[in-house]
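# Coordinate inspection notes
For reference, the chains in residue letters:
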Amino acid sequence: MDLYISLTHQKRHRRSIDFTSKFLAVIQNMNINLGNTMKMILLGAAGLFLLVSMIILGWQVYLYCQHRKAKKIKAKNAASGTDPNKQYTEKSNLSTHSNSADFLGLSDEDEYLDVKKYDYKVYKLQESLQKLSLYLQSSNPVDLKLIQSNDDLVIDSKVELSGNLKFSLLYDKKQSKLQLTVKEASNLPARHFNQHNDFFIRIKLFTSLPRYQCILHQWDTKIVKNTINPSFGDQYTCYIEKTAFRKATLKLEVWDFDKYSRRDVLGEVRLSLSNLELSHIEFCEKLQKVQKEVIGEIFLSLKYLPTARKLEVVLLKVKTGCLNTGPDIGIYTRVDFYVNQHKMKHQKTPAKLKSEITVFNEVMLFTVSDSVINQSMIITSVYETSLSKDSTRHLLGRAYVGRKKSKEDDHWLSMLQCLRQPVSKWHPLLI
């Protein structure tokens, strides 16, 4: 056996010698003559290739050292029980490590850890304490119900709250007619220094239903320009029955009008008509913080696909409290997708015939990367329109889901914890 192996090695050695001698003979017969310029070019190319190779090699060595250093720090933290990656996995309830790596990059994971560093139960307890403080400060039972139902009902205006509003009410019991006169406002806050603002008043008359609020009438006064003490003098009349009058609430919102940017609501005056005997009464009320009304609910399903970088929003059902139904009254929804409070894209559904529960089952897809999913939100607006003819749309209410006031809501967090799985929830429609 050893003899056979030695003979085999000798044959291979002879073949290699024969190949080498033949290759050298071919090189000698080619007789290649290169000029000095060509030799310098080849030498320079070889030097450049060597330099690039050394740079690449040095970069790879640097990455390897950084990786080793990170692994040592991670092992040290794991040994001491302070591994941030372990905390992130436990708190986010992601099923596999591949889901976490697929959903978050290295830099995004640190940012997500800052959001999730407090325990979820403590976070919910803080929210409950905030609701309780608002509950104790409020004296209106309707306001208490609204505060308990949603956190976004109270609007924090960026402008300092100040000003008064004068108006009068006259109710004719025999004709069931209510007459409202908006007279003037005084000492309203100016949003821009050394510049007067343009103001108008938005009036809403709504009544309380078992679960929602129903807006009976809505008007806008004329716009008064270049003054912080606008005088209006607008008069409005509507018919309202005595039973509905006792449950009605009048709300007057002061709006700052800007032709070239968004309109801002500065404050409101809210007046319950339940205990008022109105023949003719004049009011002068201070502006208060604006509170929204819950006029219905919308059933949404959310699903995030990290590999495809898609956010799937399914509009399932809409409930509305005020049933202005008819053969030609329809509603449609519009979804606006925001990243860092900047609108990126919107989609809307076809109009459906309005009913107590309107079924849509419409699927919308938005492209969103892992790096901005924690700073994203969707605003779903429900509009009322006419199906038989072209008419102006009327906003019924909006639902806000996602990153709000430096935190996510429960639905958004559940979507991030259950990747690639649909999560459904009812949301209040606010106006």
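Anyway, here's the lowdown on the structure attached to this text. Treat the numbers as computed from the prediction; the structure is a model and nothing was measured.

## Some points on the overall build of the chain
Looking only at helices and strands, the chain has 9 helices and 18 strands in total. Partitioning the contacts of the chain with sequence separation of at least 6, the portion at a separation of at least 24 is 67%.

## Focus on the packing of aromatic side chains
Geometry of an aromatic ring pair is reported as the spacing of the ring centres plus the angle between the planes. All told, the structure shown has 9 aromatic pairs when counted by the stated rule. Measuring from centroid to centroid gives 5.2 Å for F167 and F283, while their planes differ by 20 degrees, and the two rings are stacked. Of this pair, F167 sits in strand β1 (residues 164–172) while F283 is found in strand β8 (residues 281–286), placing the two residues 116 residues apart along the sequence. Neither F167 nor F283 differs from the other in exposure class; each is buried. With centroids separated by 4.2 Å and ring planes inclined at 10 degrees, the aromatic side chains of Y171 and F245 adopt a geometry described as stacked. Highlighted residues: Y171 in strand β1 and F245 in helix α8 (residues 242–246), separated in sequence by 74 residues. Given a relative accessible area of 6%, Y171 falls into the buried group.

## Considerations on the environment of V339
With respect to the helices and strands, the residue V339 is situated in strand β11 (residues 329–339). Along the primary structure V339 and R403 are separated by 64 residues, whereas in three dimensions their C-alpha atoms are 8.9 Å apart. Sequence-distant contacts of V339, defined by excluding residues within four places in its chain, comprise M344, V372, Q375 and S376.

Calculation rules
Residues numbered from 1 in each chain as written. Predicted model: local features only at pLDDT ≥ 70, side-chain atom pairs only at ≥ 80, totals over all residues. Heavy atoms only, no water. Helix = DSSP H or I, 4+ residues; strand = E, 2+ residues; numbered from the N terminus. Contact = heavy atoms within 4.5 Å. Phe/Tyr/Trp six-rings, centres within 6.5 Å; stacked < 30°, edge-to-face > 60°. Buried < 20%, exposed > 50% of the residue type's maximum accessible area, 1.4 Å probe, protein only.

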